[in-house]
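Observations on the three-dimensional arrangement
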There are 4 protein chains.
Amino acid sequence: MSRGFREKLHEVIYEADTPEGKLFDVVLLIIILISVIAVMLESVAGIKAVYGYELDIIEWVITAFFTIEYIARIISVKKPAAYIFSFYGVIDLLALLPKYIGILFPGLGFLLSIRALRLLRVFRILKLVHFIGASNQLVTAIKKSRAKIAVFMFSVVILCVIMGTFMYMIEGPEAGFDNIPISIYWTIVTLTTVGFGDITPITPFGQFISSLIMIMGYGIIAVPTGLVTAQFMEENKVHKNTQVCPVCNADAHKDGAKYCYNCGAKL
Amino acid sequence: MSRGFREKLHEVIYEADTPEGKLFDVVLLIIILISVIAVMLESVAGIKAVYGYELDIIEWVITAFFTIEYIARIISVKKPAAYIFSFYGVIDLLALLPKYIGILFPGLGFLLSIRALRLLRVFRILKLVHFIGASNQLVTAIKKSRAKIAVFMFSVVILCVIMGTFMYMIEGPEAGFDNIPISIYWTIVTLTTVGFGDITPITPFGQFISSLIMIMGYGIIAVPTGLVTAQFMEENKVHKNTQVCPVCNADAHKDGAKYCYNCGAKL
Amino acid sequence: MSRGFREKLHEVIYEADTPEGKLFDVVLLIIILISVIAVMLESVAGIKAVYGYELDIIEWVITAFFTIEYIARIISVKKPAAYIFSFYGVIDLLALLPKYIGILFPGLGFLLSIRALRLLRVFRILKLVHFIGASNQLVTAIKKSRAKIAVFMFSVVILCVIMGTFMYMIEGPEAGFDNIPISIYWTIVTLTTVGFGDITPITPFGQFISSLIMIMGYGIIAVPTGLVTAQFMEENKVHKNTQVCPVCNADAHKDGAKYCYNCGAKL
Amino acid sequence: MSRGFREKLHEVIYEADTPEGKLFDVVLLIIILISVIAVMLESVAGIKAVYGYELDIIEWVITAFFTIEYIARIISVKKPAAYIFSFYGVIDLLALLPKYIGILFPGLGFLLSIRALRLLRVFRILKLVHFIGASNQLVTAIKKSRAKIAVFMFSVVILCVIMGTFMYMIEGPEAGFDNIPISIYWTIVTLTTVGFGDITPITPFGQFISSLIMIMGYGIIAVPTGLVTAQFMEENKVHKNTQVCPVCNADAHKDGAKYCYNCGAKL
């Protein structure tokens, strides 16, 4: 294969600066979305019974496209192995493999749902077209409060284990608290205020402890919220304007300010 | 029709500066509320059986009023077509049409519920009487964080599709996870901490993944909350300083600013 | 009755500055709590069957105490009518009346639960002993964002009415959406992320609309949270320190600052 | 026992500065986690039936280890009584006791779940290794808003008691509102937006009051969130400026302060 072709291919597939690259991304995005919708519809028994044949054809066309794309990606990069074993490389393979496996080993048909992971491929395209530029601030803020969120999560998990064990001792199997893991599951359901209602306490004491768990869950949601909010505001403050007045050294100017608010000097 | 009458009509219907205009708005507001309550009561089988006749009369009176009002609106504006095809023009038509359709085609009786959309008309009146002035800041703050909220919502939807597919593979039809769309519905129910409990995981692994989804849902609610809060505070900050530059009319100066950030003039 | 006795009585009952006044408040607080717990226990069939007689005696003692207290309150204030028809006057009467009514008209026994309203009397005592001083800032912040919260609540209610009507049209009585009011009730249950699960959508389109309602409910909780948080921070800022430097006019000093942070002058 | 050995033992067990101390902590942490997982698995009937013997052996090994550790802790501290009756001393005893009690009094087998409390021991280790340094700010912020959170919690509890009593009067035993305590439990379930659905209102008026409770619960979650967020940001603000006055050692100066707020010295 000529070197020029490979470079051209790389530009189209991996970059989004040229019209061809953009077109490729848009087409890929549409195909991924169609593919995911097809996988969803296929899982609905009623739709599969009627449109199973059409969905199968769509799926084969998409699988063929993904196969060609996968091969093109391998031959256009300089280090194919690095791509193949990268996160997106594995996702790309998982996007096309299930259909082939399904025909070779019909018993593994349940694997077909893995194809919904194709949706993860969307993130690569978005990365390419710099769409998520708007989400940078969001990601930064979350990353910075990561340590505190981890401490919070860790405390919540320990709290759930302990309260779950208590509830198991109080309620027991009659109320659906069959064992400690399921009691912990119930505690998480309750503390996060989800409250399915598949398992509910029936003893007065169990209901009292449940009330405590609920009020705790209702209150401590303030902690992650407070952390992230405080971080967002820090970001807002920091990213506002980094200009410093050359005359009086005042900082924290308004965005787009042309003159210092303190001494009137030109910035 | 005399031009003076049309102008007078326009003033009464579309404006709220004159006493007649205000009276018209208040009367319309009351009629809309009565009408919506009547539609609600009519939908209750027990009430319809007893008071069906009275409700029908009220409804016809209201429909007659809305019909006259609709005609008055058309003849009083300069460009009737623009009004008819505007958002509120369509709502106004939908407010009166169902009753006529119901008598012409009794089979389309289910359309009668559309009349509840009359409630949307309330917003126009509120707009007129400048009631929602208080909500401007609210709307501005939400609009400004729209881009980030969109990125967040997009990530949540992708997360729900992927987790929903996982849950479908883990739990399957025995637990009510009949197909991928219904699994995604369940994931949304769980992640948003609603937790109906109509579908619940029954396998230990499914309950483990559910716990992860719940804790995620419990934690990531911090993101929209943080975004909107940070934005509200930005708004508060900006509105703090009400100084306007005497030279260039720039506003929104920093607290304690002595010189205009735009032209450098002394404030 | 001697004027001195009436004044003394007023001091004990209505004030909390003297040792007798404080003692009276503490005793009253304890009696109210005992009384509320007794009312609760009485409502539990199993406990009433065994301890019904004891609870009845406790209740009569409490009712006697409340009757004496009520009379004492009337004779010790200058304008008895003003007290009798005040909010707390009515609550005080409701606290003792049900027991007498229950003996005169046994058929009205269900009124006995009204006695739980005695708990509201706790607020008066707390007011007296200045306990809620700590909650002033809290109340102020909530009051200041009242207008915005009202606009938000109003929008939520209209949203619930419109979405509830849609769900009634989509799902109908088969799924438990019997009429529009019950559909609105369901929408509120869903939007507020409570999610009882007594009524759940069964059609795919209904589940799709439900998903939208849930995501909306998950997202718009950010609005009241943001409003209240922004208000709390405003309060923090304002209440921090109102000192202004007499030399350089700098404000926003640290709490407890003795010297100006800007020019070093004594505050 | 030689004094040197006791001191060495104390260093290994209670401190984390030496390599031996760190190793001890890591080993203890792993054993605690294994032990808690074993207790959980033992509570699952299916697993106990198959691996009951293995789990029992693991449990005895762990209990033996904890017993030796407990004795070592007692002999290595100067005031054994102080340790034995301290919080962690009791937890340590509860971590090993149930297994011995279970063999002496087989009827008390349900006490075995107490062993899950061993998880609490994790906090001591974390304390030792200064892991929770990251959580200091978190804990400080929560502690500082404790008073306000208490007032809020108190108001929520009173609100729940009053609304619960109302719901009991409106709905009564037919709808599952058997008595006032259970109605209060239901109100807490609803107000905290958990919403199990084991008890749900069936009368229109009950559903209306429920809607109010839900909207209240949806709205007032803003209060603890706002409090904690505002506190977090105060903390952020305070920790910003790391200057310390060279004269009086006061810290936490305002950003940009030129003079000490405490003694007026130049910073």
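Everything numeric here is computed off the predicted structure, so don't read it as measured data.

**Considerations on the overall build of chain A**
- Secondary structure assignment for chain A yields 11 helices and zero strands.
- Taken from the N to the C terminus, the helices and strands of chain A come in the order α-α-α-α-α-α-α-α-α-α-α.
- For chain A, the proportion of its 267 residues judged to be buried stands at 51%.
- Long-range pairs, those at least 24 residues apart, make up 55% of the contacts in chain A with a sequence separation of at least 6.
- Of the roughly 12,700 Å² of accessible surface on chain A, 71% is carried by carbon and sulfur atoms.

**Focus on helix α5 (residues 87-104) of chain A**
Residues and elements named next belong to chain A.
- With 18 residues, α5 ought to run about 26 Å at 1.5 Å a step, and its terminal C-alpha atoms sit 26 Å apart, in line with that.
- The axis of α5 is deflected most strongly, by about 35 degrees, at Leu97, and proline Pro98 appears within four residues downstream.
- When α5 is considered as a whole, its buried residues turn out to be Tyr88, Gly89, Ile91, Asp92, Ala95, Leu96, Pro98 and Lys99.

**Re the packing of aromatic side chains**
- Taken as a whole and assessed by the stated rule, the structure comprises 24 aromatic pairs over all chains.
- Taken together, A:Phe177, A:Trp186 and D:Phe196 form an aromatic cluster joined through their ring pairs.

**Description of the environment of B:His10**
Residues and elements named next belong to chain B.
- Residue placement: His10 occurs in helix α1 (residues 3-14).
- Once the C-alpha coordinates of His10 and Ala72 are considered, the two residues, 62 residues apart in sequence, prove to be 8.5 Å apart.
- Not counting residues up to four positions away in its chain, the partners in contact with His10 are Glu15, Ser76 and Val77.

**Focus: the nonpolar core**
- With 255 residues, the main nonpolar core has A:Phe66, B:Phe66, C:Phe66 and D:Phe66 as its most contacted residues.
- Those residues within four positions of B:Phe66 in sequence are excluded, and the remaining contacts are B:Leu28, B:Ile31, B:Ile32, B:Ser35, B:Ala95, B:Leu96, B:Arg118 and B:Arg121.

**Here we look at the UniProt feature "transmembrane region" (unreviewed entry) in chain A**
- Per the UniProt record, "transmembrane region" (unreviewed entry) is annotated on residues 26-51, 57-74, 81-97, 149-170 and 212-233 of chain A.
- Helix and strand shares over residues 149-170 of chain A are 100% and 0% respectively, and the end C-alpha atoms of the span are 31 Å apart.

**Thoughts on unusual backbone geometry**
- Positive phi values are uncommon outside glycine, yet C:Thr193 reaches one of about 60 degrees.
- Its location among the elements puts C:Thr193 in the loop between α9 (180-191) and α10 (204-220).

**A look at the side chain of C:Thr192**
- Within the secondary structure layout, C:Thr192 lies in the loop between α9 and α10.
- Among the polar contacts made by the side chain of C:Thr192, one reaches the main-chain carbonyl oxygen of C:Val189 at a distance of 3.5 Å.
- Among all residues touching C:Thr192, those that are not within four sequence positions of it are D:Thr193, D:Met214, D:Ile215 and D:Tyr218.

**Here's the deal with the packing of helix α1 (residues 3-14) of chain A against helix α2 (residues 19-43) of chain A**
Residue and element names in this part refer to chain A.
- At a minimum axis separation of 7 Å, α1 and α2 run at an interaxial angle of 50 degrees. Considering their axes alone, α1 and α2 lie oblique with respect to each other. Judged by residue contacts, Lys8, Glu11, Val12 and Ile13 of α1 engage Glu20, Gly21, Phe24 and Asp25 from α2.
- Partitioned by chemical class, the residues of the contact of α1 with α2 number three nonpolar, one polar and four charged.

**A closer look at the domain arrangement of chain A**
- Here chain A is partitioned into domain 1 (3-131) and domain 2 (144-235).
- On a C-alpha basis, the centres of domain 1 of chain A and domain 2 of chain A stand 39 Å from each other.

**Focus on the pattern of salt bridges**
- Taken as a whole and judged by the stated rule, the model has 16 salt bridges over all chains.
- Across the salt bridge formed by C:Glu20 and C:Lys8, the nearest N and O atoms sit 3.8 Å from each other. With C:Glu20 in helix α2 (residues 19-43) and C:Lys8 in helix α1 (residues 3-14), the pair connects residues that are 12 residues apart, well separated along the chain.
- Classification of C:Glu20 by relative accessible area gives partly exposed; the value is 38%.
- Assessed through its relative accessible area of 38%, C:Lys8 is described here as partly exposed.
- One salt bridge connects D:Asp56 with D:Lys99, and the closest N-O pair in it is separated by 2.8 Å. Of this pair, D:Asp56 sits in helix α3 (residues 45-76) while D:Lys99 sits in helix α5 (residues 87-104); the two residues are 43 residues apart in sequence, bridging distant segments of the chain.
- Look at D:Lys99 and you get buried, because its relative accessible area is 7%.

**Considering empty space enclosed by the protein**
- Applying the stated criterion across every chain, the model contains six cavities of 30 Å³ or more.
- The space that makes up the largest cavity amounts to roughly 110 Å³.
- Around the largest cavity sit 14 residues that line it, and A:Thr193, C:Thr193, C:Ile221, D:Thr193 and D:Ile221 are the ones nearest its centre.
- The class makeup of the residues in the lining of the largest cavity is seven nonpolar, seven polar and no charged.

**Describing the packing of helix α1 (residues 3-14) of chain D against α3(D)**
Residues and elements named next belong to chain D.
- Between α1 and α3, the least distance of the axes is 9 Å, while the angle of their chain directions is 125 degrees. Here α3 runs oblique to α1, going by the angle between their axes. In the packing of α1 onto α3, the handedness of the crossing is left-handed. Taken together, the residues of α3 that come into contact with α1 (itself represented by Arg6, Leu9, His10, Ile13 and Tyr14) are Ala72, Arg73, Ile75 and Ser76.

**Concerning the environment of B:Phe152**
- Along the chain, the position of B:Phe152 falls in helix α8 (residues 146-171).
- Along the chain, B:Phe152 and B:Ile220 lie 68 residues apart, while their C-alpha atoms are 9.3 Å from each other.
- Setting aside its immediate chain neighbours within four residues, B:Phe152 contacts B:Ile220, B:Val223, B:Pro224 and C:Tyr218.

**A closer look at a nonpolar patch on the surface**
Residues and elements named next belong to chain A.
- The grouping of Val26, Ile30, Ile34 and Ile58 at the surface amounts to a nonpolar patch, some 320 Å² of accessible area in total.
- Tallying contributions element by element places α2 first for the nonpolar patch, with three residues.
- Position of Ile30 relative to the elements: it lies in helix α2.

**Digging into the environment of C:Leu111**
- Take C:Leu111: it is sitting in the loop between α5 (87-104) and α6 (121-128).
- With 17 residues separating them along the chain, C:Leu111 and C:Leu94 place their C-alpha atoms 9.9 Å apart.

**Focus on the side chain of A:Ser35**
Residues and elements named next belong to chain A.
- Structurally, the position occupied by Ser35 is in helix α2.
- Of the residues examined, Ser35 reaches a relative accessible area of 0% and is grouped as buried.
- In this structure Ser35 touches Glu59, Ile62, Phe66 and Arg118, once residues within four positions along its chain are discounted.

**Digging into the confidence of the model for chain A**
All names here are of chain A.
- Within chain A, residue pLDDT values average 81, and 81% of them lie at 70 or more.
- The least confident element of chain A is helix α6 (residues 121-128), whose mean pLDDT is 68; the most confident is helix α9 (residues 180-191), at 93.
- Prediction confidence for the complex, expressed as pTM and ipTM, is 0.83 and 0.80 respectively.

The rules we used
Counting of residues starts from 1 at the beginning of each chain's written sequence and follows it residue by residue. Each chain takes a letter, starting from A, and each ligand takes a number, starting from 1, following the order in which they are written. Where totals are concerned, whole chains, interfaces and linings use all residues; where local detail is concerned, this predicted model gives features only for residues with pLDDT of at least 70, and gives and counts side-chain atom pairs only at 80 or more. For side-chain calculations, the full set of non-hydrogen atoms in the structure is used, while hydrogens and water are omitted. Numbered from the N terminus, helices here are DSSP runs of H or I no shorter than four residues, and strands are runs of E no shorter than two. Whether a residue is buried, partly exposed or exposed follows from its accessible area with a 1.4 Å probe, protein chains only, as a fraction of its type maximum: under 20%, in between, or over 50%, in that order. Two residues form a contact once any of their heavy atoms are found within 4.5 Å. Surface accessibility in these figures is a Shrake-Rupley result with a 1.4 Å probe; residues are shielded only by whichever protein chains are displayed. For a helix, the expected span equals 1.5 Å multiplied by the residue count minus one. Note on bend: at a given residue it equals the angle between the axes fitted to the 7 residues ending there and to the 7 starting there. For Phe, Tyr and Trp, rings pair up if their centres lie within 6.5 Å, where Trp contributes its six-membered ring, and each pair is then called stacked (planes under 30 degrees apart), edge-to-face (over 60) or tilted (otherwise). In this text, buried Ala, Val, Leu, Ile, Met, Phe, Trp, Tyr and Cys residues form a nonpolar core when linked through side-chain atoms within 4.5 Å. UniProt positions are given in the numbering used here, feature names are shortened, and annotations may be inferred rather than shown by experiment. The term polar contact refers here to a pair of N or O atoms within 3.5 Å; inside protein, the definition further demands a hydrogen-donor-capable atom paired with an acceptor-capable atom, and it admits residues adjacent in sequence only when both atoms are side-chain atoms. Axis definition: a line fitted to C-alpha atoms, over the contacting stretch in the case of helices. Angles run 0 to 180 degrees between N-to-C directions. Put simply, angles under 35 degrees are roughly parallel, angles over 145 are roughly antiparallel, angles from 65 to 115 are roughly perpendicular, and the rest are oblique. Side-chain classes follow a simple rule in which Ala, Val, Leu, Ile, Met, Phe, Trp, Tyr, Cys and Pro form the nonpolar group, Asp, Glu, Lys and Arg form the charged group, and the remainder, Gly included, forms the polar group. Each domain span listed reflects an automatic or database assignment of domains. Salt bridge, as used here, is a side-chain nitrogen of Lys or Arg placed within 4 Å of a carboxyl oxygen of Asp or Glu. Cavities and pockets were defined on a 1 Å grid built from protein atoms only: a cavity is a group of points that admits a 1.4 Å probe but offers it no way out, a pocket is an open group of points flanked by protein on both sides within 12 Å along at least five of seven lines, and a lining residue is one with an atom within 4 Å of any such point. Grid points are joined across faces, edges and corners, and a volume is the space filled by probe spheres set on the points. Each crossing is labelled by how the near helix is turned from the far one, with a counterclockwise turn of less than a right angle marking it left-handed and a clockwise turn marking it right-handed. A patch consists of residues whose relative accessible area exceeds 30% and which take part in no salt bridge; residues with like charges are grouped when within 9 Å of each other, and nonpolar side chains (Val, Leu, Ile, Met, Phe, Trp, Tyr) when within 5 Å. Every residue is assigned a pLDDT by the predictor, reflecting its confidence on a scale from 0 to 100.

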